[in-house]
Amino acid sequence: MANRISSITAPISLQKIRKLNLFWYGFTIYSLSVTFTTTGHVNFTICQGAQIIGLILMTSSIFSITELKMDNAYLRFIYVPYCLWLAYLVIQAFTSLLDYTFLKGFLFNPYEGMLYFAPLLLLFPRNIIYYKRLFYFIAIFGVAYILYDVVFIRDLLNSDRSSLSSQGIVEAFSDLGFASGFIILTYAYHVKKRQLLALTVVLMQLFFVVVRARRGMILMYSDILFVSYLLYIFHSKMKLMIIYLTIFICVLTALYASSVYRPSDSKVFGYLVTRGDEDTRSTVEIYFHNDMKTKDWILGRGVKGEYFCPDVEEDQVTNYRSTIETGYEQTILKGGLISLGLFLLIAIPAIVKGLFYSKNILSKVAAIWVFMSLINSYPSTVNAFTFQYLLVWISIGICYNKELRRMPEEILKNKFLSPDNSNNKT
């Protein structure tokens with residue numbers, strides 16, 4: 001065990017740190033460019049050129065970062081077939097008739113092609129310095145999210161609450177800021193400035209999704225804040241005081257709101273109240289279920305898979321859609337129950353190990369992040385080449401590492417808050 005812990009906490013070479021930075025800088029360039037394209041205010045060719053640069057940086061470094069070894073025999077038994085199945089889906093797509101539109105979508109749309117490479121991050125080394133660099137780039141994404149909000153504040157606060165372009169911008173920007181929730185959950189390992197940055201980002205996102213009445217996203221951000229609150233209470237020395245103070249504030253707020261406030265008249269909550277329990281998904285799911293055959297449910301329809309769904313979207317060019325907003329069904333559409341089943345066989349044991357067989361917050365938060373990804377896969381599509389999904393695979397790696405799970409909390413906290421042995425600041 002001592003040798004394994006030393007590998008977790010030991011310094012790593014400057015060359016490896018540079019390769020790691022190269023990967024994350026490439027991912028940052030790629031993600032910022034993707035988000036920029038959703039605003040409609042930039043040249044797509046320039047953004048796609050930047051995405052290509054990001055892809056080059058990532059591919060030139062990822063294979064020197066990953067380690068072809070597993071921390072757990074069961075994980076190896078499931079992970080290898082899962083990766084082979086994903087590789088088959090990708091190869092199948094490229095051996096069939098290719099077209100320019102498909103290639104663009106595969107490379108430049110994080111929800112279409114690059115997501116199949118996300119599981120490679122499970123092979124990143126379990127090392128404190130690697131995680132500190134991860135936290136550093138999550139913070140960079142948080143700063144970028146705030147800057148994007150400032151620049152495009154008019155689009156975000158468009159007076160037309162039902163504007164599809166404004167809703168799209170809110171949802172796309174969330175891909176930059178959602179990972180800040182991981183910092184809030186692991187608050188014990190960060191300085192106050194980073195904690196405040198992450199909290200600001202999440203609260204800003206929650207505000208905008210409330211304004212746009214994105215009900216599923218409201219649940220996602222609320223879950224992060226609620227779980228963070230529970231973790232804080234659990235590790236606080238003043239548990240009862242915090243609980244009583246919270247109840248008191250909530251009661252006062254509820255009494256005040258019920259007496260003087262009408263949500264339907266509010267500029268912030270009005271559209272959310274108006275939408276209420278509006279059903280925007282059942283019709284799509286009915287078309288999806290009617291079009292899928294037994295073979296499709298088992299094997300999926302491949303990376304290019306589509307389903308017959310007429311009269312659902314405005315200005316729809318064809319009667320076929322390549323996406324469905326429910327993450328589980330999207331996985332089945334592309335890779336069948338084989339993809340979904342193999343992923344669950346990896347994810348569920350990771351959650352159990354991280355929650356119930358660990359001694360530190362990092363492992364428990366990793367399990368919580370994986371669990372929340374399963375919950376969030378109903379109101380949204382989690383499987384995408386975004387920070388949120390990359391963190392799922394990094395978290396799975398943490399949960400399966402026995403030595404990391406058993407590391408005492410104080411040791412882990414001291415390692416995260418102490419300077420690196422390298423010359424790189426975090």
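Residues numbered from 1 in each chain as written. Predicted model: local features only at pLDDT ≥ 70, side-chain atom pairs only at ≥ 80, totals over all residues. Heavy atoms only, no water.

*Asks:* Lay out the layout of surface pockets with the relevant residues and their values.
*Replies:* Taken as a whole, the second largest pocket spans an internal volume of roughly 610 Å³. In terms of residue count, the dominant contributor to the lining of the second largest pocket is helix 11 (residues 215–235) (five residues). Among the residues making up the lining of the second largest pocket, the classes are represented as 12 nonpolar, five polar and four charged. (1 Å grid on protein atoms, 1.4 Å probe; cavity = no way out; pocket = protein on both sides within 12 Å on 5 of 7 lines; lining within 4 Å. Points joined across faces, edges and corners; volume = space filled by probe spheres on them. Helix = DSSP H or I, 4+ residues; strand = E, 2+ residues; numbered from the N terminus. Nonpolar A, V, L, I, M, F, W, Y, C, P; charged D, E, K, R; others polar.)

*Asks:* Run through the packing of helix 4 (residues 73–95) against helix 18 (residues 387–400), naming residues and quoting values.
*Replies:* At a closest axis distance of 11 Å, the pairing of helix 4 and helix 18 adopts a crossing angle of 150°. Considering the angle they form, helix 4 stands roughly antiparallel to helix 18. The handedness of the crossing between helix 4 and helix 18 comes out as left-handed. Between helix 4 and helix 18, the residues in contact are Tyr 74, Leu 75, Tyr 79 and Tyr 82 and Tyr 389, Trp 393 and Tyr 400, respectively. Here the contact of helix 4 with helix 18 is composed, by residue class, of seven nonpolar, no polar and no charged. (Axes fitted to C-alpha atoms, helices over the stretch in contact; angles between N-to-C directions. Parallel < 35°, antiparallel > 145°, perpendicular 65-115°, else oblique. Left-handed = near helix turned anticlockwise from the far one by under 90°. Contact = heavy atoms within 4.5 Å.)

*Asks:* Outline helix 14 (residues 282–291), listing residues and values.
*Replies:* Along helix 14, the residues classified as buried are Val 284, Glu 285, Phe 288 and Asp 291. One side of helix 14 holds all its buried residues, which, seen down the axis, span an arc of 135°. Of the exposed residues in helix 14, those oriented more than 90 degrees away from the buried face are Ile 286 and Asn 290. Looking at the buried residues of helix 14, the elements they touch are helix 15 (294–299), strand 1 (307–308), strand 2 (320–321) and helix 16 (327–356). (Buried < 20%, exposed > 50% of the residue type's maximum accessible area, 1.4 Å probe, protein only. Arc of directions from axis to C-beta.)

*Asks:* Describe the pattern of salt bridges, with residues and values.
*Replies:* Evaluation of the coordinates by the stated rule reveals three salt bridges. With a closest N to O distance of 2.8 Å, Arg 301 and Asp 291 form a salt bridge. One end of the pair, Arg 301, is in the loop between helix 15 and strand 1; the other, Asp 291, is in helix 14, with 10 residues separating them in the sequence. Accessibility expressed as a relative area gives 27% for Arg 301, which makes it partly exposed. On the accessibility criterion, Asp 291 (17% relative accessible area) is buried. (Salt bridge = Lys/Arg side-chain N within 4 Å of Asp/Glu carboxyl O.)

*Asks:* Can you break down the confidence of the model for the protein chain residue by residue, with the values?
*Replies:* Here the protein chain shows a mean pLDDT of 82. Residues at 70 or above account for 82%. Model confidence for the protein chain, summarised as mean pLDDT per element, is weakest for helix 13 (residues 270–275) at 48 and strongest for helix 18 at 95. Every residue in residues 1–5 is under pLDDT 50, and counting partners more than four places away or in other chains gives nine contacts. (pLDDT = per-residue confidence, 0-100.)

*Asks:* Give me the side chain of Ser 339: which residues, what numbers.
*Replies:* Here Ser 339 is to be found in helix 16. Among the polar contacts listed, one links the side chain of Ser 339 to the side chain of Trp 85, at a separation of 2.9 Å. Leaving out residues up to four positions away in the same chain, Ser 339 has contacts with Tyr 82, Trp 85, Leu 86, Leu 89 and Thr 331. (Polar contact = N/O pair within 3.5 Å; in protein donor to acceptor, adjacent residues only side chain to side chain.)

*Asks:* Residues and numbers for the nonpolar core, please.
*Replies:* Membership of the largest hydrophobic core comes to 107 residues, with the highest contact counts inside it found for Trp 24, Phe 387, Trp 393 and Ile 396. With sequence-adjacent residues up to four places away left out, Phe 387 is seen in contact with Trp 24, Phe 27, Leu 134, Phe 137, Ile 138, Phe 141, Asp 175 and Ala 179. Of all hydrophobic cores here, the second largest spans nine residues; its members include Val 284, Cys 309, Ile 332 and Leu 333. (Core = buried A, V, L, I, M, F, W, Y, C linked by side-chain atoms within 4.5 Å.)

*Asks:* A description of a nonpolar patch on the surface should follow, citing residues and the corresponding values.
*Replies:* A contiguous nonpolar surface patch, about 440 Å² in accessible area, is contributed by Ile 348, Val 352, Phe 356 and Tyr 357. Here Ile 348 shows up in helix 16. (Patch = residues over 30% accessible without salt bridge, like charges linked within 9 Å, V, L, I, M, F, W, Y side chains within 5 Å. Areas by Shrake-Rupley, 256 points an atom, 1.4 Å probe, with all protein chains shown as cover.)

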